[in-house]
Amino acid sequence: MMSSFWSAWIIVLTVVSLAGILWILLANRTAGEQETDRTTGHAADGIEEYDNPLPYWWFLMFLFTIIFGVGYLIAYPGMGNFKGLLGWTQIGQWEKEVAAADERFSGERFAYLAMPIEEVAAVPAAMKMGQRMFANNCASCHGADGKGSYGFPNLTDNDWLYGGEPDAIVATLVHGRKAAMPAWGDVLGDEGVRNVTAYTLSLSGRNVDAEHAAAGKTQYDMFCVACHMPSGEGNPLFGAPNLANGIWLYGGDSMQVSHSIRAGRNGEMPAFADLISEDKIHIISAYVYSLSRSTD
């Protein structure tokens, strides 16, 4: 809510503007007069401007818009802090429309809730609903096509940090996820970061310095294997990514991998349990499940 001063300023400015427009319209009224050959005295290149009256219907249209504007400002908010006699708000209208949509579609959504996610994913009508819900709640991070971006997982490649089975997807949506890759820069030092980077890249078949990679394996086995596993396949229990498949959440060149090792990473997926209903989570989960299966 704005201050009393600015509220009063807007009210006064609006009223003065409407009154001024009405005065100009009435003061220059010539409606109803007959057309004549009288001119305004203006001429350019031999062309003169006639001083004929405004068509009466046009005058009435201007008058109607002013009356309508006054009525609108009385009924709806628009005059500072005055809320309007109808008590309309955009939030109230949104809530009303959402409630109407929920009442209309809730029966269909709850029917899907009784079905396994794998079956829901095979229903075209449910997937149309899921696509719209995904666009409203998930696309800002994972992209409209679900392919993600830097720091946001691709949901279409069947590479899952916490598992891609229906129960795992539902748990991710309901509870959210908070990844915590600790910073190892102070522990490893610059040379250690370089060595572990070399070994990490070698896990996905990259060409690296063999000496650095050999030294890095010892440090990897000491500090990294608990989460990323001996062969770098990752561990869904911790959300530790697979380092051996060439898929990188924060980029896979040596500089980006070195930064992840040195400074750590902290990704967070918000929990949606308090934001969207159980039936909607079920449908979104089915849609997300279908994204990776469509590329198999």
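Residues numbered from 1 in each chain as written. Predicted model: local features only at pLDDT ≥ 70, side-chain atom pairs only at ≥ 80, totals over all residues. Heavy atoms only, no water.

S.K.: Describe the packing of helix α5 (residues 124-137) against helix α12 (residues 278-293), naming the residues involved and giving the relevant values.
M.R.: Following both chains from N to C, one finds α5 and α12 inclined at 95°, their axes separated by 8 Å at the closest point. Taken together, the axes of α5 and α12 are roughly perpendicular relative to one another. Touching Ala126, Met127, Met129, Gly130, Gln131, Met133, Phe134 and Asn137 of α5 are Lys280, Ile283, Ile284, Ala286, Tyr287, Val288, Ser290 and Leu291, all from α12. When grouped by side-chain class, the residues that make up the contact of α5 with α12 number 11 nonpolar, 4 polar and 1 charged. (Axes fitted to C-alpha atoms, helices over the stretch in contact; angles between N-to-C directions. Helix = DSSP H or I, 4+ residues; strand = E, 2+ residues; numbered from the N terminus. Parallel < 35°, antiparallel > 145°, perpendicular 65-115°, else oblique. Contact = heavy atoms within 4.5 Å. Nonpolar A, V, L, I, M, F, W, Y, C, P; charged D, E, K, R; others polar.)

S.K.: A description of the packing of aromatic side chains should follow, citing residues and the corresponding values.
M.R.: Taken as a whole and assessed by the stated rule, the structure comprises 12 aromatic pairs. Pairing Tyr150 with Tyr250 gives two aromatic rings, centres 5.6 Å apart and planes at 85°, and the pair type is edge-to-face. One end of the pair, Tyr150, is in the loop between α6 (139-142) and α7 (166-175); the other, Tyr250, is in the loop between α10 (225-228) and α11 (254-263), and 100 residues separate them in sequence. One aromatic cluster is present, formed by Phe64, Phe68, Tyr72, Tyr76 and Trp88 through successive ring pairs. One residue, Arg265, lies across the ring of Tyr250, its end atom 4.3 Å from the ring centre. (Phe/Tyr/Trp six-rings, centres within 6.5 Å; stacked < 30°, edge-to-face > 60°. Lys NZ or Arg CZ within 6 Å of the ring centre and 35° of its normal.)

S.K.: Tell me about the environment of Gln93, and please be specific about residues and values.
M.R.: Its location among the elements puts Gln93 in helix α3 (residues 90-113). As for Gln93 and Asp253, which are separated by 160 residues in sequence, their C-alpha atoms are 50 Å apart. There is a polar contact of 2.6 Å between the side chain of Gln93 and the side chain of Trp88. (Polar contact = N/O pair within 3.5 Å; in protein donor to acceptor, adjacent residues only side chain to side chain.)

S.K.: Could you give me a rundown of the pattern of salt bridges, with the residues and numbers involved?
M.R.: Under the criterion given, the structure shown has 7 salt bridges. In this structure, the salt-bridge partner of Lys280 is Asp102, at a minimum N-O distance of 3.6 Å. With Lys280 in helix α12 and Asp102 in helix α3, this pair connects stretches of sequence that are 178 residues apart. A salt bridge links Glu268 to Lys178; its shortest N-O distance comes to 3.6 Å. Residue Glu268 is found in strand β4 (residues 268-269), and its partner Lys178 is found in strand β3 (residues 177-178); the two are separated by 90 residues along the sequence. Several salt bridges converge on common partners, so that one network encompasses Asp102, Arg109, Asp279 and Lys280. (Salt bridge = Lys/Arg side-chain N within 4 Å of Asp/Glu carboxyl O.)

The quantities given are spatial measurements derived from coordinates; they are silent on function.
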